[in-house]
2 protein chains.
Amino acid sequence: MFKELFNPSSIAVIGASKDESKIGNVILKNLISEKYNGKIYPINPKISDIMGLKCYKTLKEIDEKVDLAIIVLPAEYVPETVKECVDAGVRFIIPIAGGFSESGKEGELKEKEIKEYLKRGSSRLIGPNTVGIYVPQTKVNTALTDPDKISYPKDGSLAFISQSGALGLLTMDSFADLNVGFSAFVSLGNRIDVDENELLKYFSNDDKTKAVLYYIENFKNGRAFAELAREFTKKKPLVVLKAGRTDQGVKAASLHTGALGSDDKIIEGVFKQSGVIRAYSETELVDYARVLAYQKPLTGNRLAILTTAGGVGVVTTDYVSASINGIGLKMANLKKETKEQIKNIIAPFASAENPIDITAGGGDKEYREILGILNDDDNVDGIIVYALFQTKYVTENIIDIIKDNIREKPIVVGVIGGAYARDMLRKFEMNNIPAYPSIERTVKAMKVLYTRGEYLRRRADQNGSY
Amino acid sequence: MFKELFNPSSIAVIGASKDESKIGNVILKNLISEKYNGKIYPINPKISDIMGLKCYKTLKEIDEKVDLAIIVLPAEYVPETVKECVDAGVRFIIPIAGGFSESGKEGELKEKEIKEYLKRGSSRLIGPNTVGIYVPQTKVNTALTDPDKISYPKDGSLAFISQSGALGLLTMDSFADLNVGFSAFVSLGNRIDVDENELLKYFSNDDKTKAVLYYIENFKNGRAFAELAREFTKKKPLVVLKAGRTDQGVKAASLHTGALGSDDKIIEGVFKQSGVIRAYSETELVDYARVLAYQKPLTGNRLAILTTAGGVGVVTTDYVSASINGIGLKMANLKKETKEQIKNIIAPFASAENPIDITAGGGDKEYREILGILNDDDNVDGIIVYALFQTKYVTENIIDIIKDNIREKPIVVGVIGGAYARDMLRKFEMNNIPAYPSIERTVKAMKVLYTRGEYLRRRADQNGSY
């Protein structure tokens, strides 16, 4: 049902402006310069044309039905404009401006008025007080951010629903740098109409979307969310950054979006019950979503580590086995045959024990053979591989080598370094191989594959009783 | 006493080679291309000149006293070559090759032999089995890594001592990307002579060095370290990533460097007693060292947060106040006057409560005023500032604004985003303002300023009894 929102055949920009300092200018420019290829209808009664497009006085002047109307007028004009949109049969309306319930009584009244107008027709509304949506595939972008200072991510398989527009954009900017792709981004705003639950239902059936991530300060309908999430997580992973988990955080959230806190222990229980993976930061949010989108869950807790740098192997081992500052899983006990086969491949002073350290003299060739061997060892459930390009024999070919070796066992990759390493991280991402720029992030990504696997097994076991 | 090691007036490369696949070629090329400006003496009996330099048959042929000899020959030739170096009065010797005690009995014997030779003179030795040293200021670089695939950091104030050469180089590569500078890097190798304790003593009196960081799997002399660290941390911060903190990690470390584990609880106690800041990952190691090097410690636990993105403020508040997935400090209770002053500056719908959220409509101007106000509020001990450049009014000028406002209270900066944000992170770093690319890293940096402040206060209190 949100198809026309994410892939509209026509967009009206109500409040289009020639003044470059105005949002009505930036949004129009973004649509044109990013090559949105549906019809664009700028609306402003005072001008006749803008950026080479005919400008309309009102919605009524437009012959076609408009799929999406972006309202960039100040709050005071929004209710009336929503009414016009509803009357004109616009399918989706996004009012960008703030100044509604988040700012006091007067704003609340405006929201009430808007809700009344919405009842008169079938139009749906995102927001108000939102940065709107960003859809890489269709180039629909209602965010008002200067493209010189932000990178928008490419098309991909993660759907991102955020109660904070800014946090969403910042996070996507960070991960665009690693080439992470998104199927859609929705800033919920004050969600007087469309909410996270409806969107979750939609993404459940959207084939492009392999995982959903939320930034949320409070659930609009927690009970409904819990049920929906339980259905959703059977099919796809859901990662949630629930802010306001401390008393101070709850207070901050109430200042930000007016969110009323729920007891974090209850939230925690709901997440566990319904298979939601919890993130605590913007970094974990996307790190977790992409590993879950790209890799199978772990079927057990025994991990092998493969590295060319001994120290990295030792620190990773600590993170794998520690419960505090670590993920509390197990280092796999490699089979005797496995160790013998590996010994035959690596240098005499290298280590065939787990963590397997082939040292800086080894590289692509050894990785290919050892990954094959580890795939055959029943004592290994998942593999953490470091692709450390600073040495001679680890080359770009290692990306294909790892890709070829992702079979039943999940593989998570660590790539540590500067500009060159980032370039390689981007290439791993293009191949849907989850790769991370630090030891901690690499190991934590593996952990959520375990958490999800365990949840799915628990559900399968209890299948009869559910 | 290590002055000639880090700033040698002459370097001999014993085993210089014309073959580009050889280490003796790479190291010589690194010295020349990075413009080390002392004398370079390539030594190889089989060639007469290399890369435009005269090549010597033996050390004896050289008239001058050599400050530093890098031995790039295989292990079997190393003892004899060390003997020649000692006899020639070379001040520092770095044998790069592995194949010593880390690889078995035979290697142990070689080390014994080397130790005997060292007794005959005053030469000192780093390693063997080491990547040696890297000194940005003097361009001395004995690491054998291809410069196309690694970035070496610039000159700066952090001294890095590592028991793992590779982990050290990878970590510096990561942080070179953020423009973090180092005064020196030393890879300890098998440390049959020079160890971390001696180096710590040296850096204690090195004015350039503002903080020291260690990657270590076992202490050569733990008791001496504890005493030295206690002296050192009175003057300067010391951050240690002690790997092998779990049973599995200890096993991995013994495979890597032959390290014998000590009970991690004892280590933890020693660190607390002697004021060592503990890091758990390569990222924390440098993140902590630089905040400690650039900022004063916190004098209390009450933090203010300043942001243009409400969601970032909420998540940060959670991290500040939570003990699990957080740092367990306090959100400052801003004074009434403070809140009133801030209210007069920001938009009516923005928040003058802590976290202070000036919203995307605010920027440089508001930051300058509010930072001044927060500096005057006695209820605030430290300030977390987000410089989120995606919006219009936050510009590069904010770097100077923050710089001007670092007075008695420490400030830590968060800059979240992609390529543009990284560029700004680099500029913050150039101004010695600790800035971090994620919420979690920003908050955790503030925590170590608290830990160090608390330690120094505790010591000052107990001063009489110590």
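What this report covers is the structure whose coordinates are included nearby. As the structure is a prediction and not an experimental result, all values here were calculated from the model. (Residues numbered from 1 in each chain as written. Chains lettered and ligands numbered in written order. Predicted model: local features only at pLDDT ≥ 70, side-chain atom pairs only at ≥ 80, totals over all residues. Heavy atoms only, no water.)

**As for the sheet that holds strand β6 (residues 92–95) of chain B**
All names here are of chain B.
1) Next: Across the sheet, which stays open at both edges, the five strands sit in the order β2-β1-β5-β6-β7 with parallel pairing between neighbours. With partners counted over all chains shown, the strands left at the sheet margins are β2 (39–43) and β7 (124–125), one partner each.
2) Next: Pairing of strand β1 (residues 10–14) with β2, which is carried by five bridges, proceeds in the parallel orientation. Bridging from a neighbouring strand, A12 pairs with Y41 of β2. (Pairing = 2+ DSSP bridges. Helix = DSSP H or I, 4+ residues; strand = E, 2+ residues; numbered from the N terminus.)

**As for the pattern of salt bridges**
1) Next: Counting across every chain of the model gives 55 salt bridges over all chains.
2) Next: A salt bridge links A:R302 to A:D381, with the shortest nitrogen-to-oxygen separation between them at 2.8 Å. With a gap of 79 residues between them, A:R302 in strand β15 (residues 302–307) and A:D381 in the loop between α13 (364–376) and β18 (382–386) connect regions that are remote in the sequence.
3) Next: What makes A:R302 partly exposed here is its relative accessible area of 28%.
4) Next: For A:D381, a relative accessible area of 8% puts it in the buried group.
5) Next: Taking the shortest distance from any N to any O, the salt bridge between B:R191 and B:E196 comes out at 2.9 Å. (Salt bridge = Lys/Arg side-chain N within 4 Å of Asp/Glu carboxyl O. Buried < 20%, exposed > 50% of the residue type's maximum accessible area, 1.4 Å probe, protein only.)

**Details of the relation of the copies chain B and chain A**
1) Next: In screw terms, the move from chain B to chain A is a rotation of 180° and a rise of 0.0 Å along the axis, fitting with an RMSD of 0.1 Å. One copy is carried onto the other by what is essentially a two-fold rotation axis.
2) Next: Interface overlap between copies: 100% of the residues of chain B at the interface are likewise at the interface in chain A, consistent with a symmetric, same-surface contact. (Least-squares fit on C-alpha atoms with pLDDT ≥ 70 in both. Contact = heavy atoms within 4.5 Å.)

**Comments concerning the packing of helix α7 (residues 222–235) of chain A against helix α16 (residues 439–461) of chain A**
The axes of two packed helices give the description: the angle between them and the distance between them.
All names here are of chain A.
1) Next: Where α7 meets α16, the closest approach of the two axes is 11 Å, and the angle between their N-to-C directions is 105°. Classified by the angle their axes make, α7 and α16 are roughly perpendicular. Touching R230, T233, K234 and K235 of α7 are R452, Y455, L456 and R459, all from α16. (Axes fitted to C-alpha atoms, helices over the stretch in contact; angles between N-to-C directions. Parallel < 35°, antiparallel > 145°, perpendicular 65-115°, else oblique.)

**Here's the deal with the pairing of strand β2 (residues 39–43) of chain A**
1) Next: In terms of burial, β2(A) is a largely internal element, four of the five residues being buried.
2) Next: Crossover handedness for the path strand β1 (residues 10–14) of chain A to helix α2 (residues 23–33) of chain A to β2(A): right-handed. (Right-handed = clockwise from strand over helix to strand, strands pointing away.)

**Quick look at unusual backbone geometry**
Peptide bonds are mostly trans, and most non-glycine residues show a negative phi.
1) Next: The amide bond that connects A:G127 to the next residue, A:P128, takes the cis arrangement and shows omega of 0°.
2) Next: Across the junction of B:N354 and B:P355, the peptide omega takes the value 5°, indicating a cis bond.
3) Next: Note that B:P355 resides in the loop between α12 (336–345) and β17 (356–357).
4) Next: Of note, A:N179 is a non-glycine position whose phi angle comes to about 75°, a positive value.
5) Next: Within the secondary structure, A:N179 sits in the loop between α5 (165–176) and β11 (181–187).
6) Next: At B:N325, a position not held by glycine, the phi torsion is positive, near 50°.

**Quick look at empty space enclosed by the protein**
1) Next: All told, the structure shown has three cavities of 30 Å³ or more when counted by the stated rule.
2) Next: Volume-wise, the largest cavity comes out at about 880 Å³.
3) Next: In this structure, the largest cavity is lined by 44 residues; those nearest its centre are A:T283, A:P437, A:R441, B:P437 and B:R441.
4) Next: When its residues are assigned to classes, the lining of the largest cavity shows 16 nonpolar, twelve polar and 16 charged. (1 Å grid on protein atoms, 1.4 Å probe; cavity = no way out; pocket = protein on both sides within 12 Å on 5 of 7 lines; lining within 4 Å. Points joined across faces, edges and corners; volume = space filled by probe spheres on them. Nonpolar A, V, L, I, M, F, W, Y, C, P; charged D, E, K, R; others polar.)

**Focus on the environment of A:E198**
1) Next: Inspection of the secondary structure assignment puts A:E198 in helix α6 (residues 196–204).
2) Next: Setting aside anything within four residues of it in sequence, one finds A:E198 in contact with A:M1, A:F2, A:R124 and A:D193.

**Remarks on the environment of B:P297**
1) Next: When you line up the elements, B:P297 lands in the loop between α10 (282–294) and β15 (302–307).
2) Next: Excluding anything up to four places from it in sequence, B:P297 contacts B:P410, B:L449, B:R452, B:G453 and B:L456.

**Overview of the pairing of β18(A)**
All names here are of chain A.
1) Next: Most of β18 is tucked away: five of the five residues are buried.
2) Next: What you see with β18 is no split at all: G382, I384 and Y386 on one side and I383 and V385 on the other are buried throughout.
3) Next: The pairing of β15 with β18 spans four bridges and is classified as parallel. When the sheet's bridge partners are listed, I305 is paired in β18 with I384.
4) Next: By the bridge criterion, four bridges tie β18 to strand β19 (residues 411–414) in an arrangement that is parallel. Within β19, the residue paired with I384 across the bridge is V412.
5) Next: Crossover connection from β18 via helix α14 (residues 397–404) to parallel β19: handedness right-handed.

**Describing the sheet that holds strand β7 (residues 124–125) of chain A**
Backbone-to-backbone hydrogen bonds pair the strands of a sheet. The strands run either parallel or antiparallel.
Residues and elements named next belong to chain A.
1) Next: The five strands lie next to each other as β2-β1-β5-β6-β7, forming an open sheet whose pairing is parallel. Since the sheet does not close on itself, it has two edges, and those belong to β2 and β7, each with one partner.
2) Next: Looking at chain direction, β1 and strand β5 (residues 68–71) are connected through four bridges and run parallel. Paired with A12 across the strands is A69, a residue of β5.
3) Next: In the packing of helix α3 (residues 78–87) onto the sheet, contacts are made with β1, β5, β6 (92–95) and β7, and the angle to β5 comes to roughly 170°.

Worth remembering: the numbers are spatial, not functional.
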